[in-house]
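Survey of secondary and tertiary structure
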Amino acid sequence: MTLYHFGNCVTLLYVPHYLTYKYANLSEYGAFWKCIQGGIIYAFTQLCKMLILATFFPANEASITTLSLSNFFKSSVDLADIAGIYVILQSIPGKGHAKVMTAGIGWAGAEILLTRFLLLWVGARGTEFDWKYTQKCLESNINLMHHIMTAALVWLWSRHDLNKLQSKFSPFAAVSILLLLSVYRSVVIDSLAAWLLIDPWSIIAIKGVYTIVLGLIMLKYYTRLSTLIGMY
């Protein structure tokens, strides 16, 4: 029974990433090794973040699930993710679609390999069934969408022709705000969950809605800019 549960969790975790890679037609661009390269950059970025957190934020600080200035600064370390994704995008030749999808999938793939596989191998194969492993897998699928969205926002933010879009509000400012909302997603949702005492399933639902809303707004700018520069 536990081995069956482990198999279900692995399927739920890895199949969506594989299908996203397959149906994004990244194989036509030879993006497999670029995804691996993105994963290496992800690992290096996380190592740098851990060193910064260990140096400047002692372990006895308040819990990350409480809203405080200290936790805000802790979450600000995630700005390094933007720098890491930017490096990946700059190292990938080709059209924006291929660059964004390769960076997003490579980043998300490295995340599940480094943070989820060992958790499932040790926990999901245990003697007792626990829903938290299924929840972790669902959360990883939401994170896949989140990382692709973030990669698209970084690509938009790096474009010099972004402000050519006709809009009452500065497109560059809008993309910058969306990037900040993406970076601080965890601290906002975790603080809300701690304040309202929300159950884990509701937290996953809120993360999904949060990601979809930001993604739809991002897609508006991405589509308009792609049309403007003739990228289909």
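What counts and what doesn't
Residues numbered from 1 in each chain as written. Predicted model: local features only at pLDDT ≥ 70, side-chain atom pairs only at ≥ 80, totals over all residues. Heavy atoms only, no water. Helix = DSSP H or I, 4+ residues; strand = E, 2+ residues; numbered from the N terminus. Buried < 20%, exposed > 50% of the residue type's maximum accessible area, 1.4 Å probe, protein only. Contact = heavy atoms within 4.5 Å. Areas by Shrake-Rupley, 256 points an atom, 1.4 Å probe, with all protein chains shown as cover. UniProt positions renumbered as here; feature names shortened; annotations may be inferred. Expected span 1.5 Å × (residues − 1). Phe/Tyr/Trp six-rings, centres within 6.5 Å; stacked < 30°, edge-to-face > 60°.

**Digging into the overall build of the protein**
- Secondary structure summary: the protein contains 10 helices and zero strands in total.
- Along the protein, helices and strands appear, N-terminal first, in the series α-α-α-α-α-α-α-α-α-α.
- With the C-alpha coordinates of the protein rotated into their principal frame, the extents come out at 55 × 45 × 30 Å.
- Every one of the 232 residues in the protein was classed for burial, and the buried ones make up 44%.
- The contacts in the protein between residues at least 6 apart in sequence include a share of 77% that link residues at least 24 apart.
- Counting only carbon and sulfur atoms, one obtains 70% of the accessible surface of the protein, whose full area is about 12900 Å².

**What about the UniProt feature "transmembrane region" (unreviewed entry) in the protein?**
- According to UniProt, the feature "transmembrane region" (unreviewed entry) maps to residues 172-198 and 204-222 in the numbering used here.
- Each end of residues 172-198 is marked by a C-alpha atom, and these two atoms are 35 Å apart; helix forms 89% of the span and strand 0%.
- Taken end to end, residues 204-222 is 100% helix and 0% strand, and its first and last C-alpha atoms sit 26 Å apart.

**A few points about helix α5 (residues 96-115)**
- Given a rise of 1.5 Å per residue, 20 residues ought to cover 28 Å, and the 28 Å separating the end C-alpha atoms of α5 matches this to within 8%.
- Extensive coverage of α5 is indicated by the burial of 15 of its 20 residues.

**Examining the environment of Glu139**
- Tracing the backbone shows Glu139 in helix α7 (residues 132-158).
- Look at Glu139 and you get buried, because its relative accessible area is 16%.

**As for the side chain of His147**
- The topology assignment puts His147 in helix α7.
- Overall, the relative accessible area of 9% leaves His147 in the buried class.
- In contact with His147, not counting residues within four places along its chain, are Gly104, Trp107, Ala108 and Glu111.

**A few points about the packing of aromatic side chains**
- A full pass over the atoms with the stated rule returns five aromatic pairs.
- Summarising the aromatic geometry, the rings of Trp131 and Trp201 are spaced 5.8 Å apart at their centres and angled 70° between planes, so their arrangement reads as edge-to-face. With Trp131 in the loop between α6 (117-124) and α7 and Trp201 in helix α10 (residues 200-229), this residue pair connects regions lying 70 residues apart in the sequence.

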